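As a plain string of letters, each chain reads:
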Amino acid sequence: MGLFRYILGGEARRNLKKLHRLADKVLSLEEKYVNYTDEELREQTEFFKNRLKITRKQNNQSPLISVVLPVYNGKYTIRLCIDSMLAQDFKDFELIIVNDGSKDNSLEIIKQEYAKFFNVKIYSKANGGESSARNYGVDRAEGKWITFIDQDDFVDSNYLSSFMQKEALRED
């Protein structure tokens, strides 16, 4: 370290100190959260999800867009579909996933990987077909606008923002 202090100029030395402070903060955060059990992390996640829901309700806020996603035996495609929805640049939406009686492990995948997101709502019902699952999702939608995607869809990150731009043009 002494050799580097000698070689580096003043600005580089200050940046190196900042880097060391940042590394110390990361290590202290790591130590703080490494000691939590999975159950404690789940409880904290639920606490913050519920707090956000309460805040939305207190401010009478509903998501602007509800996206309904019916799922039936989609274990091979569902991750890509949901990940593409969660990567949207427009964030004021809810994703309503309706498991339509899947016989594979689609529901387990969805619950395990996506239940932690506050804007994802997961429902399960007996198999009734895609239209039935969509209607089930529509009945639970809170958004001003409703759109649909299928379990084998991959949408661009601007899917919802382009939808809202078109709607803004329509209102003008």
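Residues numbered from 1 in each chain as written. Predicted model: local features only at pLDDT ≥ 70, side-chain atom pairs only at ≥ 80, totals over all residues. Heavy atoms only, no water.

Student: Which residues make up the pairing of strand β1 (residues 65-71), and what values do they have?
Tutor: Counting buried residues along β1, 7 of its 7 residues qualify, which places the element largely inside the surrounding structure. Covered by surrounding structure in β1 are Ile65, Val67, Leu69 and Val71 together with Ser66, Val68 and Pro70, the residues of both alternating faces. Taken together, the 7 bridges between β1 and strand β2 (residues 93-100) define a ladder with parallel strand orientation. Among the inter-strand pairings, Pro70 is bridged to a residue of β2, identified as Val98. With helix α4 (residues 78-86) bridging β1 and its parallel neighbour β2, the resulting β-α-β unit is right-handed. Strand direction decides the pairing type here: β1 and strand β4 (residues 145-148), joined by 4 bridges, are parallel. Paired with Ile65 across the two strands is Trp145, which belongs to β4. (Buried < 20%, exposed > 50% of the residue type's maximum accessible area, 1.4 Å probe, protein only. Helix = DSSP H or I, 4+ residues; strand = E, 2+ residues; numbered from the N terminus. Pairing = 2+ DSSP bridges. Right-handed = clockwise from strand over helix to strand, strands pointing away.)

Student: Got a sec to walk through the packing of aromatic side chains? Specific residues and values, please.
Tutor: Under the criterion given, the structure shown has 2 aromatic pairs. Sitting above the plane of the Tyr123 ring, Arg140 keeps its charged end 5.7 Å from the centroid. (Phe/Tyr/Trp six-rings, centres within 6.5 Å; stacked < 30°, edge-to-face > 60°. Lys NZ or Arg CZ within 6 Å of the ring centre and 35° of its normal.)

Student: Which residues make up the sheet that holds β1, and what values go with them?
Tutor: Spatial ordering of the open sheet is given by β3-β2-β1-β4, a layout of 4 strands whose pairing is parallel. For this open sheet the edge positions go to β3 (120-125) and β4, each flanked by a neighbour on one side alone. For this sheet, the mean angle separating the axes of adjacent strands, direction not counted, is 20 degrees. Contacts between helix α5 (residues 106-114) and the sheet are confined to β1, β2 and β3, with β3 contributing the most and set at about 160 degrees to the helix. (Axes fitted to C-alpha atoms, helices over the stretch in contact; angles between N-to-C directions. Contact = heavy atoms within 4.5 Å.)

Student: I'd like to hear about the side chain of Ser102, residue by residue, with values.
Tutor: Within the secondary structure layout, Ser102 lies in the loop between β2 and α5. One polar contact links the side chain of Ser102 to the main-chain amide nitrogen of Asn73, over a distance of 2.9 Å. Here Asn99 takes part through its side chain, which lies 2.6 Å from a polar atom of the side chain of Ser102. Once residues lying within four places of it in the same chain are set aside, the contact partners of Ser102 are Val71, Tyr72 and Asn73. (Polar contact = N/O pair within 3.5 Å; in protein donor to acceptor, adjacent residues only side chain to side chain.)

Student: Give a detailed account of the nonpolar core, specifying residues and quantitative values.
Tutor: Within the largest apolar cluster, 21 residues are counted, with the highest numbers of intra-cluster contacts made by Val67, Leu69, Ile82, Met85, Leu95 and Ile97. When residues of this core are traced back to their parent elements, those giving at least two are β1, α4, β2, α5 and α7 (159-171). At 5 residues, the largest contribution of residues to this core is made by α4. Those residues in contact with Ile97 that lie beyond four places of it in its chain are Leu69, Val71, Ile82, Ile110, Val120, Lys121, Ile122 and Tyr123. (Core = buried A, V, L, I, M, F, W, Y, C linked by side-chain atoms within 4.5 Å.)

Student: Can you explain the side chain of Ser84? Please cite residues and give values.
Tutor: Position of Ser84 relative to the elements: it lies in helix α4. At 3.2 Å, the side chain of Ser84 forms a polar contact with the backbone nitrogen of Val155. Ignoring anything within four residues of it in the chain, the contact list for Ser84 reads Asp153, Phe154 and Val155.

Student: Lay out the confidence of the model for the protein with the relevant residues and their values.
Tutor: Mean pLDDT over the protein stands at 81; residues scoring 70 or higher make up 65%. Confidence drops under pLDDT 50 across residues 1-8; counting only partners more than four residues distant or on other chains, this segment forms 5 contacts. (pLDDT = per-residue confidence, 0-100.)

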